[in-house]
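Reading the structure
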Amino acid sequence: MGVLVTLPPNPRMELVLSRETISRRIQELGQEISQAVGDDELVIIGILKGAFIFMADLVRALNVPAKLDFVRLKSYGSLTESSGQVSITKDVEPDIELRGRKVLVVEDIVDTGLTLAFLRNHLEQHQPHSVQICAMIDKLERRKRYVELDYVGFEVARGYLVGYGLDSAEKYRCLPDIYELKV
Ligand code: PRP
């Protein structure tokens with residue numbers, strides 16, 4: 001029987017989180033969130049595009065009734081630094097009621113925190129019961145704006161990460177594992 005070896009898809013990439021490690025952590029997060037939520041129906045909002053794969057796996061690890069939606073946010077600035085000016089290019093759909101509801105925001109990576117700080121403020125204007133945040137990766141050392149993260153998959157200090165939804169100029173999102181892209 002052969003041994004399955006996961007090679008980096010190019011030599012400038014170093015494996016940071018394998019698909020098995022990601023999958024195990026998502027099962028833990030799913031149990032933790034399900035227990036905390038109880039029988040209440042959640043409104044789960046994913047942030048496009050990066051969170052789409054994490055969201056797909058997370059919702060299947062949850063054991064709670066939920067409605068799903070997505071938002072898309074744009075932050076203005078250079079390729080590597082957000083300017084702090086964030087705008088919404090796709091909002092929550094009008095038929096998704098937020099008032100009085102428990103909302104769970106699903107994000108792939110938290111960097112400066114500006115995107116989530118903006119979105120939390122935006123969602124709270126709809127007077128939900130609560131807004132909680134589940135982020136797959138927390139890059140705490142890059143934080144410019146405090147944002148409370150209720151559930152975190154992994155804290156990662158190093159590097160520019162790609163794969164499992166994370167991109168570099170729209171490449172690498174489809175990789176099943178997460179890599180550091182060496183420059
Ligand atoms: C990335 C990531 C987060 C945001 C985090 O999105 O998916 O949404 O940046 O950065 P911040 O904490 O500094 O605000 P990006 O704008 O690259 O779009 P994408 O999800 O479509 O890749």
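Described below are features of the structure shown in this document.

What counts, and at which threshold
Residues numbered from 1 in each chain as written. Predicted model: local features only at pLDDT ≥ 70, side-chain atom pairs only at ≥ 80, totals over all residues. Heavy atoms only, no water. Helix = DSSP H or I, 4+ residues; strand = E, 2+ residues; numbered from the N terminus. Buried < 20%, exposed > 50% of the residue type's maximum accessible area, 1.4 Å probe, protein only. Polar contact = N/O pair within 3.5 Å; in protein donor to acceptor, adjacent residues only side chain to side chain. Contact = heavy atoms within 4.5 Å. Salt bridge = Lys/Arg side-chain N within 4 Å of Asp/Glu carboxyl O.

A short note on the side chain of D138
Relative to the helices and strands, D138 is located in strand β6 (residues 130-138). When its relative accessible area of 5% is taken as the criterion, D138 is described as buried. One polar contact links the side chain of D138 to the main-chain amide nitrogen of L140, over a distance of 3.4 Å. A distance of 2.3 Å separates a polar atom in the side chain of D138 from a polar atom in the side chain of R143. Residues within four places of D138 in sequence aside, it is in contact with V110, R143, L149, V152, F154, E155 and V156.

Observations regarding the pattern of salt bridges
Tallying each qualifying case throughout the model produces 15 salt bridges. Across the pair R101 and E41 runs a salt bridge whose closest N-O atoms are separated by 2.3 Å. Taken together, the positions of R101 in the loop between β4 (82-90) and β5 (102-110) and E41 in the loop between α1 (19-37) and β2 (42-48) put the pair 60 residues apart, joining distant regions of the chain. R101 sits in the buried class, given a relative accessible area of 16%. Exposure remark for E41: the relative accessible area of 30% places this residue in the partly exposed category. The partner of E124 in a salt bridge is R120, and the shortest N-O contact between them spans 3.7 Å. Of this pair, E124 and R120 both sit in helix α3 (residues 114-124), four residues apart, roughly one helical turn. Note on E124: relative accessible area 41%, which makes it partly exposed. Connected through shared salt-bridge partners, K49, D167, E170 and R173 make up one network.

The analysis is restricted to geometry; functional conclusions fall outside its scope.
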